[in-house]
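Spelled out, the chains give:
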Amino acid sequence: MRSLSRTLHAASIAVTTLVLESAAQAENFTVNFMSSNESSCSPYAQQNAQVFGFWDDLGITVNFLSTETTVPYPAFLQNGQADLALMDAGQVLQAVDADLPVKVVYEAAQYAPDGIVVLDDSPIKSLADLKDATVGLSSDRDMITTAIALSSIGKTIEDMNIKSVVVGDSGPVMAKALRDGAIAAFSGGASDRAGIEAAGVKIRNITPVEVLRQPSNNLTAWGPTLEEKRPMIQAFLKGWAQAQFAALIDTKLTASACRTKIPQQFEKIDIGLRLINNAAYGTQLSRTKNYGEPQPDVWADVQVPLVQMKEISKEYDPATFLGSSFIAGANDFTTDDVKKKIYAWKNANLDKMIP
């Protein structure tokens, strides 16, 4: 996780401002969206919403902006290049700490997909066993995952004398680093773990459950433009909520839909199915009455270790950066509405079903 307070001004200048032409014709909108990973089935709702046609029915066309960037996501919101960005809790809070008027309008994942894993037969049984170890990272930002995890047992990276090395997000490379002993553990997200397993390496998660209770994927908008973009954002979120719920109605059908978009994640069917199951019944299972409903109490708790680690300068009232006014509209659908869409697609695409 990069410090926005130091880099945002320069980054926002570097981002080319995209002026979105108003899509006021017949409720048709183009949403410029920065996903956490546009090439992964881990945030499966973004694939479901496209494949099953939830967004099409709501007049939404989504332009996925490239996530291959070193520019902090809030800069894209600030400059108008992105209408929505999928950001983790740390990114949101660093933006708030940099006095940026971002608003979390929907919690897409209310349980963190990030964590620390070791080889299944590793002698490391818990975080306490990581003393003097080398931890591999998918990217620099995963160091904060390691730090937050260690804080749950009252330790710091310095206390444990932990070294880190960025190994990237290539499954075979991550797997080799673990298998060869170049790293004793790996800190990253669900897609990273799926990549390691797809490379034939069995792993075990040693992250404490309490560390995982945080909003990890948050659909975030630029506060000053929230009202003018309200109809567009509302339609996008309704499509997302229906797509998120669809996996609970038929998980294998969601996997089949995702496979049509990203076949490489299903080269080993069992690994792909596990990725979808972990997302549907783990990270993206709703912990609130309504899909996407912001949780002020959780946001208050997650700030404590970030202040201790000087990732943010102080704690903030969640009411200043959470916006729940879209939640009722996002959840304005029935189970039958969703079933009708997904089974219509299934009946038209029986050849694409995972057996």
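(A) Representation of the nonpolar core in the model. Among the nonpolar cores identified, the biggest contains 46 residues, and Val92, Val102, Leu130, Trp299 and Phe321 are the most heavily contacted of them. Residue contributions to this core peak at six residues, all from helix H6 (residues 142-151). Once residues within four sequence positions are removed from consideration, Trp299 is found in contact with Ala89, Val92, Leu93, Val104, Glu107, Pro215, Asn218, Pro318, Phe321 and Leu322. Core analysis: the second largest hydrophobic core is formed by 40 residues, Leu219, Ile233, Phe333 and Trp345 among them.

(B) Here's a closer look at the packing of helix H11 (residues 230-249) against helix H16 (residues 335-348). For the pair H11 and H16, interaxial distance at closest approach is 10 Å and the crossing angle is 80°. Taken together, the axes of H11 and H16 lie roughly perpendicular to each other. Side by side, H11 and H16 meet where Gln242, Phe245, Ala246 and Ile249 of the first sit next to Thr335, Asp337, Val338, Lys339, Ile342 and Tyr343 of the second. Residues belonging to the contact of H11 with H16 are distributed by class as follows: six nonpolar, two polar and two charged.

(C) Focus on the packing of helix H12 (residues 251-261) against helix H13 (residues 269-283). Look at H12 against H13: their axes get within 10 Å of each other, and the N-to-C directions meet at 120°. In terms of crossing hand, the pair formed by H12 and H13 is right-handed. When H12 is examined against H13, the residues Thr251, Lys252, Thr254, Ala255, Cys258 and Arg259 are found in contact with a partner set consisting of Ile269, Leu273, Ile276, Asn277 and Tyr281. For the contact of H12 with H13, the class distribution of residues is six nonpolar, three polar and two charged.

(D) Focus on the environment of Leu119. Its location among the elements puts Leu119 in strand E5 (residues 115-119). With relative accessibility at 21%, the residue Leu119 sits in the partly exposed group. C-alpha of Leu119 to C-alpha of Asn63: the two residues are 56 residues apart in sequence and 38 Å apart in space. Excluding residues that lie within four positions of it along the chain, Leu119 makes contacts with Leu178, Arg179, Val201, Lys202, Ile203 and Arg204.

(E) A look at the pairing of strand E8 (residues 185-188). With burial as the criterion, each face of E8 is covered, one bearing Ala185 and Ser187 and the other bearing Phe186 and Gly188. With three bridges joining them, E5 and E8 adopt antiparallel strand pairing. Note on E8: the bridge partner recorded for Gly115 is Gly188. Two strands pair when backbone bridges link them, and strand E6 (residues 134-137) and E8 are joined in this way by three bridges, in the parallel orientation. The residue bridging Leu137 from the neighbouring strand is Ser187, located in E8.

(F) Quick peek at the side chain of Ser40. Topologically, Ser40 is positioned in the loop between strand E1 (29-34) and helix H2 (45-51). A distance of 2.9 Å separates a polar side-chain atom of Ser40 from the backbone nitrogen of Ser42. The residues contacting Ser40, other than those within four sequence positions of it, are Gln46, Gln47, Ser191, Ile262 and Gln265.

Calculation criteria
- Residues numbered from 1 in each chain as written.
- Predicted model: local features only at pLDDT ≥ 70, side-chain atom pairs only at ≥ 80, totals over all residues.
- Heavy atoms only, no water.
- Core = buried A, V, L, I, M, F, W, Y, C linked by side-chain atoms within 4.5 Å.
- Buried < 20%, exposed > 50% of the residue type's maximum accessible area, 1.4 Å probe, protein only.
- Helix = DSSP H or I, 4+ residues; strand = E, 2+ residues; numbered from the N terminus.
- Contact = heavy atoms within 4.5 Å.
- Axes fitted to C-alpha atoms, helices over the stretch in contact; angles between N-to-C directions.
- Parallel < 35°, antiparallel > 145°, perpendicular 65-115°, else oblique.
- Nonpolar A, V, L, I, M, F, W, Y, C, P; charged D, E, K, R; others polar.
- Left-handed = near helix turned anticlockwise from the far one by under 90°.
- Pairing = 2+ DSSP bridges.
- Polar contact = N/O pair within 3.5 Å; in protein donor to acceptor, adjacent residues only side chain to side chain.

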